[in-house]
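Each chain is listed here by its residues.
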Amino acid sequence: MPVKSVLGERVGGRPTTYPKIPHQQLDQISPMELQEELWRRMSGLDHVRTGPSVVSLPETRALHLEQEHAFGPGTAFMRDSTEFAHLHGLLDGSLHVSLPESDAAEAVAKGWAEMHPVVRDRGHPPTLVMLYGPRDEAELETVWELVRRSHAYASGQIL
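These lines cover the structure that appears in this document, whether it is placed above or below. All values reported here derive from a predicted model rather than from experimental measurement.

**Thoughts on the sheet that holds strand S3 (residues 83–87)**
Next, step 1: Taken together, six strands build an open sheet; the order of strands is S1-S2-S3-S4-S6-S5 and the sheet is antiparallel. Each having just a single partner strand, strand S1 (48–52) and strand S5 (113–115) make up the two edges of the open sheet. Taken over all neighbouring pairs, the strand axes of this sheet differ in orientation by 30 degrees on average, direction set aside.
Next, step 2: As paired elements, S1 and strand S2 (residues 61–65) share five bridges and run antiparallel to each other. Looking at S2, one finds that glycine 51 is bridged to alanine 62.
Next, step 3: Strands S1, S2, S3 and strand S4 (95–98) of the sheet are contacted by helix H1 (residues 32–43), whose axis makes an angle of about 15 degrees with S2.
Next, step 4: Helix H2 (residues 101–109) contacts S5 and strand S6 (128–131) of the sheet and is inclined by roughly 120 degrees relative to S5.

Following this line, the structure appears as structure tokens:
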């Protein structure tokens, strides 16, 4: 499942984000219908349960991998849990996901993501990124592929 097959350059400038916690996207907000379609897909991934995030704001919807399927390394999860991805509230539309380091670096380099502030400020491994919310159907497909990569990383299918 190589990410390079679908990860082209993101068109346009990066959105403005809040550089500290809570790490949020402030403009170029994903349309609500795209956020909901992304969540529909995310919540249908194998062996996940949905629920609140262990690290984010109350309106955030998170994906938690069932413990018996959480074969990924510790860097695939958020704060000693089985949470590997979450979608921020409708006024934001961005996501935090854990990705293998090479995928995270590529997503940042190609304009789809930025490192979470805890990577810079607290020495967290460079696997935790904010994916910018999709602005159109084509971007939805790219963001969806990155979420699938996060799921595969948490499941131990890719390292």
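**Details of the environment of glycine 89**
Next, step 1: Take glycine 89: it is sitting in the loop between S3 and S4.
Next, step 2: Along the sequence, glycine 89 and glutamine 24 sit 65 residues apart, while their C-alpha atoms lie 9.6 Å from each other.

About the thresholds
- Residues numbered from 1 in each chain as written.
- Predicted model: local features only at pLDDT ≥ 70, side-chain atom pairs only at ≥ 80, totals over all residues.
- Heavy atoms only, no water.
- Pairing = 2+ DSSP bridges.
- Helix = DSSP H or I, 4+ residues; strand = E, 2+ residues; numbered from the N terminus.
- Axes fitted to C-alpha atoms, helices over the stretch in contact; angles between N-to-C directions.
- Contact = heavy atoms within 4.5 Å.

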